[in-house]
Amino acid sequence: MEDGALEGGARRLNDARFVMHSISRRDLIHSALCAGAALPALPRMVLAEWRRAMERGATDRPYLDAALRAEHWIRSTAIDTAKGRGWPAIPGDAARGVPEDDLYSGTPGVVLFYLELHAFTGEPRFLDEAVKGAAVIAASIPESASGVADAGLYSGLAGHVFMLQTVHRASGREEFLSAAKRGTKAIAAAAKSTPDGGVAWTDVTDIISGSAGTALALLAQRELIGDQATDVARKTGDHLLALAKPVTDGQRKWMMDPTFPREMPNFSHGTAGIAYFLATLSAHGGERKHLDAALDGARYLRAIAAPSGDGFVIRHHDGDGSQLFYLSWCHGAPGTSRLWERLAALDARGGWSATADGGARGLIAQGVPEKRTAGFWNNSSMCCGNAGVAEYFLERYNRGGRTADLAYARRQADDLLNRSTIEGERERWVQAENRIAPGDTAAQTGWMQGAAGVGAMLLHLDAAIRGDHRKRAVVFPDSPLAIT
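Just so we're clear, the structure is a prediction, and the values are computed from it rather than from any experiment.

Each helix and strand in the protein was counted, giving 18 helices and 12 strands. Within the span of the protein, comprising 484 residues, buried residues form 57% of the whole. Carbon and sulfur atoms make up 50% of the accessible area of the protein, which amounts to about 19,700 Å² in all.

As structure tokens, this is what we get:
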């Protein structure tokens, strides 16, 4: 979309909102709108805005109110067991209508949302919900390495440990700290020696389920098992160095695993995430060689960046994905910028802060959220959609205080609210999780693809608008705020 068209669309929407606010409910009733009659003189946009306003009601804190409605919906789906409480990933779905246990889509992410609700509202009932959910996960923590089926951060035990320690900090309950320690020891013991002298849990290297994410979690939880966590993380870094693929002098890249043919260079599955781990490791028990590898990875990413306005974007994958640009946490600037931000603190002469700014400008130049691009489809989530972009610009605002960043976060959040489904006191987001299956839509409860993550972002936005800069209750291990 050209800038003029984008500005025109925004102007029409503002005009529609002005008209909507100028029309009283009585005027609309007198015009037979509420009885279902047509009003040709009113644009469809005006009617849609009016209906949304009626659904939401008058409020001076729309983002907080939406987060609370998201909690109402999540709570309505809860499933109680003898061990505690869980929430189905996709309520009512034949395959996924039961609680899942991964951080990405399951109960741990909902627990973390309840911790954020408790921190921002002070309501004890939200902490009670978090404790009930954590109890289910605590009961599943293995006693030893033999019980570790999946050590991954977003897919397995590392995510469980992170969540349990976070609940312990909020609640003071020792059973969660004990379970977190037990799980962390099991993760460290489950690392397998590799021929290059390092360690790994599987062949997967990435942040989501692979060695980079698991080792990041160990660094974030190192207070639980001390030097063992750092030692295992260092050996993980050594193994990842051995897996690096030279590109040219001063550039390296990593694949998600040795057999997966597609290179996805961004944060969740590729070079950006692995380089981020290596850079973090270099400052927390690692060596200069780990930082050098991270810098090589970052230079490679800058080399493959494509112009976007006066900034840049980085492709989703090589080959036929060279012109496909995802824009949220998984494959866009909100994730990959974490590498730029980490390197800015470690390599003052590298220009990494300017690189981070270029990534933000490149994202905005894509025209989202008003324009839905191939890499920014019908998705509202932290992983792939509006919530992840809004959260990223909120983090930029909290660091730099630039009002433009806050305004853009609000723009993303307002679009997200316009895409929700409201039913009384409940609000949810029906979306397509996968770009390649746009017709497969559902409302999810979890953090990375559901209402929990969306709700957390809305809480953060409400706080930023009010100038509330309190320390967050939940900081993920792959966030630059987690390991400083």
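Here we come to the pattern of salt bridges. Within the structure shown, the criterion is met by 33 salt bridges. The partner of Arg411 in a salt bridge is Glu370, with the nearest N and O atoms 3.0 Å apart. One end of the pair, Arg411, is in helix H17 (residues 403–418); the other, Glu370, is in the loop between helix H15 (352–365) and helix H16 (386–400), with 41 residues separating them in the sequence. Its relative accessible area of 29% is what places Arg411 among the partly exposed residues. Ionic pairing is found between Arg402 and Asp405, a salt bridge with its closest N-O pair at 3.0 Å. Three or more residues are tied together by salt bridges with common partners; here these are Arg61, Asp462, Arg466, Asp468 and Arg470.

Attention shifts here to empty space enclosed by the protein. Over the atoms, a rolled probe matching the size of one water molecule traces out where space is still vacant. Within this structure, the stated rule accounts for three cavities of 30 Å³ or more. Of the volumes computed, that of the largest cavity is approximately 270 Å³. Forming the boundary of the largest cavity are 20 residues, of which Arg338, Met382, Glu391, Glu395 and Phe476 lie nearest the centre. A total of four residues in the lining of the largest cavity trace back to one element, the largest contributor, which is H16. Tallied by class, residues from the lining of the largest cavity come to 11 nonpolar, three polar and six charged. In this structure, the second largest cavity occupies an estimated 100 Å³ of space.

This part takes up the packing of helix H14 (residues 333–346) against H15. In contact at an axis separation of 8 Å, H14 and H15 are set at 165° when each is read in the N-to-C sense. One way to sum up the angle between H14 and H15 is to call them roughly antiparallel. Like other packed secondary-structure pairs, H14 and H15 cross with a definite hand, here left-handed. Note on element contacts: H15 touches H14 through Trp352, Ser353, Thr355, Ala356, Gly359 and Leu363, opposite Ala333, Pro334, Trp340, Leu343 and Ala344. When grouped by side-chain class, the residues that make up the contact of H14 with H15 number eight nonpolar, three polar and no charged.

Scanning the model with the defined rule gives 14 aromatic pairs in all. Each member of the aromatic cluster is reached from another via a ring pair, and the members are Tyr154, Phe162, Phe267, Tyr276, Trp329, Trp447 and Phe476. A cation sits over an aromatic face here: Arg302 above Trp352, 3.8 Å from the ring centre. A cation sits over an aromatic face here: Arg470 above Phe120, 5.3 Å from the ring centre.

This part is about helix H13 (residues 288–304). The terminal C-alpha atoms of H13 lie 25 Å apart, and with 17 residues this matches the ideal 24 Å at 1.5 Å per residue to within 8%. Every buried residue of H13 is accounted for by His290, Leu291, Ala293, Ala294, Leu295, Asp296, Gly297, Ala298, Tyr300, Leu301 and Ile304.

Turning to the nonpolar core, a few remarks are in order. Among the nonpolar cores identified, the biggest contains 138 residues, and Tyr154, Leu164, Phe277, Met457 and Leu458 are the most heavily contacted of them. If sequence neighbours within four positions are ignored, Tyr154 has contacts with Asp102, Leu103, Tyr104, Ile207, Ile208, Trp329, Met448, Phe476 and Asp478.

Below, the discussion takes up the side chain of Ser381. Along the chain, Ser381 falls in the loop between H15 and H16. Accessibility expressed as a relative area gives 0% for Ser381, which makes it buried. Among the polar contacts listed, one links the side chain of Ser381 to the backbone oxygen of Met448, at a separation of 3.2 Å.

This next bit is on the side chain of Gln444. When you line up the elements, Gln444 lands in the loop between strand S12 (441–443) and helix H18 (451–465). A residue is classified by how much of its surface remains accessible, and Gln444, at 4% relative accessible area, is buried. Separated by 2.7 Å, the side chains of Gln444 and Glu433 make a polar contact. Excluding its chain neighbours within four sequence positions, the residues that come into contact with Gln444 are Trp73, Ala89, Ile90, Arg96, Ser105, Trp429, Glu433, Gln449, Gly450 and Ala451.

Relative to each other, H13 and H14 sit at 130°, their axes nearing to 11 Å. Of the possible angle classes, the one that applies to H13 and H14 is oblique. Crossing of H13 over H14 shows left-handed handedness. Side by side, H13 and H14 meet where Leu291, Ala294, Leu295, Ala298, Leu301 and Arg302 of the first sit next to Thr336, Leu339, Trp340, Leu343 and Leu346 of the second. Class assignment for the residues of the contact of H13 with H14 results in nine nonpolar, one polar and one charged.

Here the focus is unusual backbone geometry. Most peptide bonds adopt trans geometry, and most residues besides glycine take a negative phi value. In this structure, Pro369 follows Val368 across a cis peptide bond, with omega equal to 10°. Among the structural elements, Pro369 can be located in the loop between H15 and H16.

This part covers the pairing of strand S5 (residues 245–248). Pairing analysis gives three bridges linking S5 to strand S6 (residues 251–253), with the strands arranged antiparallel. Paired with Thr248 across the bridge in S6 is Gln251. Between S5 and S6, which pair antiparallel and follow one another directly, the connecting turn spans two residues, one of which, Gly250, has a positive phi of 85°.

Turning next to H15. When the terminal C-alpha atoms of H15 are compared, their 20 Å separation across 14 residues agrees well with the 20 Å that a helix rising 1.5 Å per residue should span. Among all positions of H15, only Trp352, Thr355, Ala356, Gly358, Gly359, Ala360, Gly362 and Leu363 are buried. Of the surrounding secondary structure, the elements contacted by the buried residues of H15 are H13, strand S7 (306–308), strand S8 (311–313), H14, H16 and H17. Looking one or two residues beyond H15, the residue adopting positive phi is Gly367, at roughly 90°.

Glancing now at the environment of Ala473. Tracing the backbone through its elements, the reader meets Ala473 in the segment after H18. Residues Ala473 and Arg169 lie 304 residues apart in sequence; the distance between their C-alpha atoms is 8.6 Å. Once you skip the residues sitting within four places of it in the chain, Ala473 turns out to touch Leu115, Glu116, Ala119 and Thr166.

Rules used in this analysis
Residues numbered from 1 in each chain as written. Predicted model: local features only at pLDDT ≥ 70, side-chain atom pairs only at ≥ 80, totals over all residues. Heavy atoms only, no water. Helix = DSSP H or I, 4+ residues; strand = E, 2+ residues; numbered from the N terminus. Buried < 20%, exposed > 50% of the residue type's maximum accessible area, 1.4 Å probe, protein only. Areas by Shrake-Rupley, 256 points an atom, 1.4 Å probe, with all protein chains shown as cover. Salt bridge = Lys/Arg side-chain N within 4 Å of Asp/Glu carboxyl O. 1 Å grid on protein atoms, 1.4 Å probe; cavity = no way out; pocket = protein on both sides within 12 Å on 5 of 7 lines; lining within 4 Å. Points joined across faces, edges and corners; volume = space filled by probe spheres on them. Nonpolar A, V, L, I, M, F, W, Y, C, P; charged D, E, K, R; others polar. Axes fitted to C-alpha atoms, helices over the stretch in contact; angles between N-to-C directions. Parallel < 35°, antiparallel > 145°, perpendicular 65-115°, else oblique. Left-handed = near helix turned anticlockwise from the far one by under 90°. Contact = heavy atoms within 4.5 Å. Phe/Tyr/Trp six-rings, centres within 6.5 Å; stacked < 30°, edge-to-face > 60°. Lys NZ or Arg CZ within 6 Å of the ring centre and 35° of its normal. Expected span 1.5 Å × (residues − 1). Core = buried A, V, L, I, M, F, W, Y, C linked by side-chain atoms within 4.5 Å. Polar contact = N/O pair within 3.5 Å; in protein donor to acceptor, adjacent residues only side chain to side chain. Pairing = 2+ DSSP bridges.

Any link to function would need more than the numbers given here.
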